[in-house]
Amino acid sequence: MDWYIFVYPVILLAIVLVFVMYAIYFERKVIGWIQLRKGPTETGPKGLFQSAADVFKLLIKEDIIPSKADRPLFKLAPILAYVPAFSVLAVIPFTDAPYLKFSNVAVGLMYYLALSSITVMGVLLGGWASNNKYSLLGGMRAGAQMISYEIPLVLSVVGVVMSAGSLNLTEIVETQIAGAWNVFPQFLGFVVFIIAAIAELNRTPFDLPEAESELVAGYHTEYTGFRFAFFMLAEYTYVFAMASLITILFFGGWDAPFGLTFIPPLVWFILKFCCFVFLLFWLRATFPRLRGDQLMEFAWKGLLPLAIINIFVSALLKEVPFLSQYF
Amino acid sequence: MLRTEEMVLNLGPQHPSMHGVLRLVVKIDGEIIREIEPVVGYLHRGTEKLAEDLNYTQIIPYTDRLDYLSSMTNNYVVCHATETLMGLEIPEKAEYLRVIVMEMNRVASHLLWLGTFLLDVGALTPFLYCFRDREQILSMFNELCGARLTYNYMRVGGVKWDAPAGWLDKVKNFADYMINEIQNYHELISGNEIFLQRTKGIGVITKEMALSYSLSGANIRCTGIDWDLRKKQPYSVYDRFDFKVPLGKTGDLLDKYHCRMDEMVEAMKIVKQAVEGFPEGGATMGKVPRVLRVPEGEVYVGVESPRGELGCHIVSKGKDKPWRIKFRRPSFYNLQVAKELLVGQNIANLVAILGSIDIVLGEVDG
């Protein structure tokens, strides 16, 4: 057993924490730019330390637990929400270099999807244990939403898995390097996946669980200080993870397009990844919110049939002589 | 079958989308509203009672605080009622200034409505665009009367200040800019699929409902009933301007949205016409006695405020103070329809419908 398997997770955690801080900064800047504002400018040069200051503030705040809350569950919920969010990063291959692959699991994709659905438990528990009606409503919405969208999410990647013949994320990328990026042959799957992914992330236009204008703050209404920070951290870690997963599944991971191989693979990965993160922030600034019943209808009547059609078409095209190399 | 229970949820008086201090006690089954009980009065200041101890000029700043988003129309209604009772002649210049500021105030008020309504539906960005444009109106008002929200601009017999040099040109430029800008809003918002899904066929007000609840403003016009006091009971110099009254067909949220958007365009057209026909010379105040002793009698006048029919009923006993004054506050009347509209809807629709009624709690509570 090598020593680095203990060191790398710590490094990864540090990277994720820095990412979260600067993702929030980036989000505020992007949304500020769209909304004719400047975003943070005061703390540090160009407001670069704003997120650090915010996190620091959250950490030194008093930790309030409502007296009528279910204490053990109330404390457990943020941990239950965050731990899977971080654990899923273990299987993400950021480049082809062996030192940036934390674990090369044969069923990497399965591991990701299975673990990420534990988070909903944390959210649901948080909403329940707070003993607050808004939290409860938010938690219930989150539960319903995340479970409904899990299904099209899983089904939409079946096409990708079929083309690679593997659930290993590294192999999925290698198949794409040999063939074509999955976004082209699997376009329908990609569309379903990206919509379901946004819903999984609870972001606009699917941000019902924390709909401010309706539920105050949804499931984390009663959370303060570092427990609240954990929920936020989970949310942004998922942004990190989901952006990575989309890059890997549909955009060829670290593959350099147009033969631009002089740019290192890791940089390519980060570039593609950032495009998706930007897309998320862009949507947040430009879309209204769906209503709960419309959301459910969309998942079951819209996305689910499309995902199934995608599986069928992919399977069919796999047998067509010329096209089969792409599927 | 699982046993389910109804839950009582207390929305407000502090809640992000209650537009002030309205409190709603709702009984929900899951997210479906079964019963609803609005509780008002958290912002009651007793304006009508206070006014009995004030002389007519002193009442005007109190009306600023009723519907604090359109203080100009509030100023106007109390001045107009007093003038009608006294039979005063108002100089033409003052009438034109009044129309310009009232219509600009209508646009400012509708812009705020647009921003907050979309915030209720979950879109963050339009709010800031609306505030950018509203800001221009407020700074023009600031230039005119030194205040951004509580103007205290009108007086019995005219207006307090004449337009500063170059102000009218600014207004005209703004009107052109705004008509164009509303087109941009339409491009950004009106076609959005999610927005349409959230508004089409939601919160439908029927003609019968509108009449029986005595609704006014966009809330009645969205049903297709042509009721605009500027046309039906012309006051001030409105009969000189050419403008349309936008009407809806179905009475849902989308119709209300389009009514208000078109009203903004029409208001800007009135402003443009008023600036073009603005009288050069003349005073801004008519011949008014130093102490306003209003002859004995009663008067009711209604004007079209951004929210609907704003009325003022004055009973005078011949003193310098009113014996009784009563405001017909449109938000209060419009809010009453909420109870019928909201039962059977879910929480997300509640917020949208309540936002669409466009209430100002300062006016509801009086």
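Residues numbered from 1 in each chain as written. Chains lettered and ligands numbered in written order. Predicted model: local features only at pLDDT ≥ 70, side-chain atom pairs only at ≥ 80, totals over all residues. Heavy atoms only, no water.

*Asks:* I'm lost on the environment of B:Thr199 in this one. Help?
*Replies:* Residues and elements named next belong to chain B. Within the secondary structure, threonine 199 sits in helix H7 (residues 193–199). For threonine 199, a relative accessible area of 0% translates into the label buried. A sequence separation of 133 residues divides threonine 199 from phenylalanine 332, and the C-alpha atoms of the two residues are 23 Å apart. Discounting chain neighbours no more than four positions away, the residues touching threonine 199 are Phe117, Asp252, Leu253 and Leu254. (Helix = DSSP H or I, 4+ residues; strand = E, 2+ residues; numbered from the N terminus. Buried < 20%, exposed > 50% of the residue type's maximum accessible area, 1.4 Å probe, protein only. Contact = heavy atoms within 4.5 Å.)

*Asks:* Where do I start with the interface of chain A and chain B in this structure?
*Replies:* Where the parts come together, the accessible area they lose is often given as the size of the interface. Counting from both sides, the interface comprises 24 residues of chain A and, opposite them, 33 residues of chain B. Between chain A and chain B, the buried area comes to about 2,500 Å², and carbon and sulfur atoms account for 58% of it. Summed over the shared surface of chain A and chain B, the result is zero salt bridges. Summed over the shared surface of chain A and chain B, the result is nine residue pairs in polar contact (both at pLDDT 80 or more). Counting only elements with at least two residues in the side of chain A that touches chain B, the list comes to helix H6 (133–156), helix H10 (212–215), helix H12 (265–286) and helix H13 (292–317) of chain A. Per-element accounting of the side of chain A that touches chain B gives the leading share, five residues, to H6(A). Residue composition of the side of chain A that touches chain B, grouped by class: eleven nonpolar, four polar and nine charged. (Buried area = accessible area lost by both parts, 1.4 Å probe. Salt bridge = Lys/Arg side-chain N within 4 Å of Asp/Glu carboxyl O. Polar contact = N/O pair within 3.5 Å; in protein donor to acceptor, adjacent residues only side chain to side chain. Nonpolar A, V, L, I, M, F, W, Y, C, P; charged D, E, K, R; others polar.)

*Asks:* Which parts of the structure should I look at to understand a nonpolar patch on the surface?
*Replies:* All names here are of chain A. Taken together, the side chains of Leu188, Leu306, Ile309, Phe312, Val313 and Leu316 define a hydrophobic patch exposed on the protein surface, amounting to about 510 Å² of accessible area. For the nonpolar patch, the element with the most residues is H13, which contributes five residues. Note that isoleucine 309 resides in helix H13. In this structure isoleucine 309 comes out as partly exposed when scored by relative accessible area, which is 44%. (Patch = residues over 30% accessible without salt bridge, like charges linked within 9 Å, V, L, I, M, F, W, Y side chains within 5 Å. Areas by Shrake-Rupley, 256 points an atom, 1.4 Å probe, with all protein chains shown as cover.)

*Asks:* So what exactly am I meant to see when it comes to the sheet that holds strand E8 (residues 324–328) of chain B here?
*Replies:* What holds strands together in a sheet is hydrogen bonding between their backbones, with the strands either parallel or antiparallel. Residue and element names in this part refer to chain B. Strand order in this open sheet of three strands is E6-E7-E8, and the pairing throughout is antiparallel. Only two strands of the sheet have a single neighbouring strand rather than two, namely strand E6 (297–305) and E8. The sheet shows a mean angle of 10 degrees between the axes of neighbouring strands, direction not considered. Along the sheet, helix H3 (residues 71–86) makes contact with E6, strand E7 (308–316) and E8, crossing E6 at roughly 150 degrees. (Pairing = 2+ DSSP bridges. Axes fitted to C-alpha atoms, helices over the stretch in contact; angles between N-to-C directions.)

*Asks:* Please clarify how the environment of B:Arg134 should be interpreted in this entry.
*Replies:* Residue and element names in this part refer to chain B. Within the element layout of this structure, arginine 134 appears in helix H5 (residues 125–145). Spatially, the C-alpha atoms of arginine 134 and serine 109 are 8.1 Å apart, while their sequence positions differ by 25 residues. If we skip the residues at most four places from it in the chain, arginine 134 touches Leu69, Ala108, Leu111, Leu112 and Leu149.

*Asks:* Where do I start with the packing of helix H4 (residues 92–121) of chain B against helix H11 (residues 253–276) of chain B in this structure?
*Replies:* Residues and elements named next belong to chain B. At a minimum axis separation of 9 Å, H4 and H11 run at an interaxial angle of 155 degrees. Considered as vectors, H4 and H11 are oriented roughly antiparallel to each other. In this structure, the crossing between H4 and H11 has a hand that is left-handed. Judged by residue contacts, Tyr96, Val99, Ile100, Glu103, Met104, Arg106, Val107, His110, Leu111, Trp113, Leu114 and Phe117 of H4 engage Leu253, Tyr257, Arg260, Met261, Glu263, Met264, Ala267, Met268, Ile270, Val271, Ala274 and Val275 from H11. Partitioning the contact of H4 with H11 into residue classes produces 19 nonpolar, one polar and four charged. (Parallel < 35°, antiparallel > 145°, perpendicular 65-115°, else oblique. Left-handed = near helix turned anticlockwise from the far one by under 90°.)

*Asks:* Sorry, what's going on with helix H2 (residues 50–60) of chain A here?
*Replies:* Count 3.6 residues to each turn of an α-helix, and residues three or four apart come out pointing the same way. All names here are of chain A. Taken together, the buried positions of H2 are occupied by Gln50, Ser51 and Leu58. Projected onto a plane normal to the axis of H2, the buried residues spread over an arc of 95 degrees and lie on a single side. Exposed residues lying more than 90 degrees from the buried face of H2 are Phe56 and Ile60. (Arc of directions from axis to C-beta.)

*Asks:* Just to check I follow, could you spell out the confidence of the model for chain B for this structure?
*Replies:* Caution applies to low-pLDDT parts of the model: their predicted coordinates are not meant to be read in detail. Overall, the predicted model of chain B reaches an average pLDDT of 88, with 100% of residues at or above 70. Taken over the whole predicted complex, pTM reads 0.86, whereas the ipTM for its chain interfaces reads 0.79. (pLDDT = per-residue confidence, 0-100.)

*Asks:* It is not clear to me how the packing of aromatic side chains should be interpreted in this structure. Could you clarify?
*Replies:* What describes a pair of aromatic rings is the distance from one ring centre to the other and the angle between the planes of the rings. All names here are of chain B. Scanning the entire structure with this criterion turns up 25 aromatic pairs over all chains. Relative to phenylalanine 131, the ring of phenylalanine 127 lies with its centre 4.6 Å away and its plane at 40 degrees, an arrangement referred to as tilted. With phenylalanine 127 and phenylalanine 131 both in helix H5, this residue pair falls four residues apart, about one helical turn. Note on phenylalanine 127: relative accessible area 23%, which makes it partly exposed. Assessed through its relative accessible area of 30%, phenylalanine 131 is described here as partly exposed. Aromatic pair phenylalanine 141 and tyrosine 151: ring centres 4.8 Å apart, planes at 70 degrees, arrangement edge-to-face. With phenylalanine 141 in helix H5 and tyrosine 151 in the loop between H5 and strand E4 (154–155), the pair connects residues that are ten residues apart, well separated along the chain. (Phe/Tyr/Trp six-rings, centres within 6.5 Å; stacked < 30°, edge-to-face > 60°.)

*Asks:* Just checking my understanding: could you explain the state of the cysteines for this structure?
*Replies:* Joining two cysteines, a disulfide is a covalent bond between their sulfur atoms. All names here are of chain B. Tallied over the entire structure, the rule returns zero disulfides over all chains. Take cysteine 79: it sits in no disulfide, and the sulfur closest to it among the cysteines is that of cysteine 312, at 9.5 Å. The thiol sulfur of cysteine 222 is not disulfide-bonded, and the nearest other cysteine sulfur, from cysteine 259, lies at 5.9 Å. (Disulfide = S-S within 2.5 Å.)

*Asks:* Would you mind going over the pairing of E7(B) with me for this structure?
*Replies:* Successive residues of a regular strand alternate their side chains across the two faces of the sheet. Residues and elements named next belong to chain B. Burial analysis of E7 places eight of its nine residues in the buried class, which makes it a mostly covered element. Taking the residues that link successive antiparallel strands as the turn, the E6-E7 hairpin has two residues. Summarising the sheet, E7 and E8 pair through five bridges and their orientation is antiparallel. If you follow histidine 313 over to E8, its bridge partner there is lysine 326.

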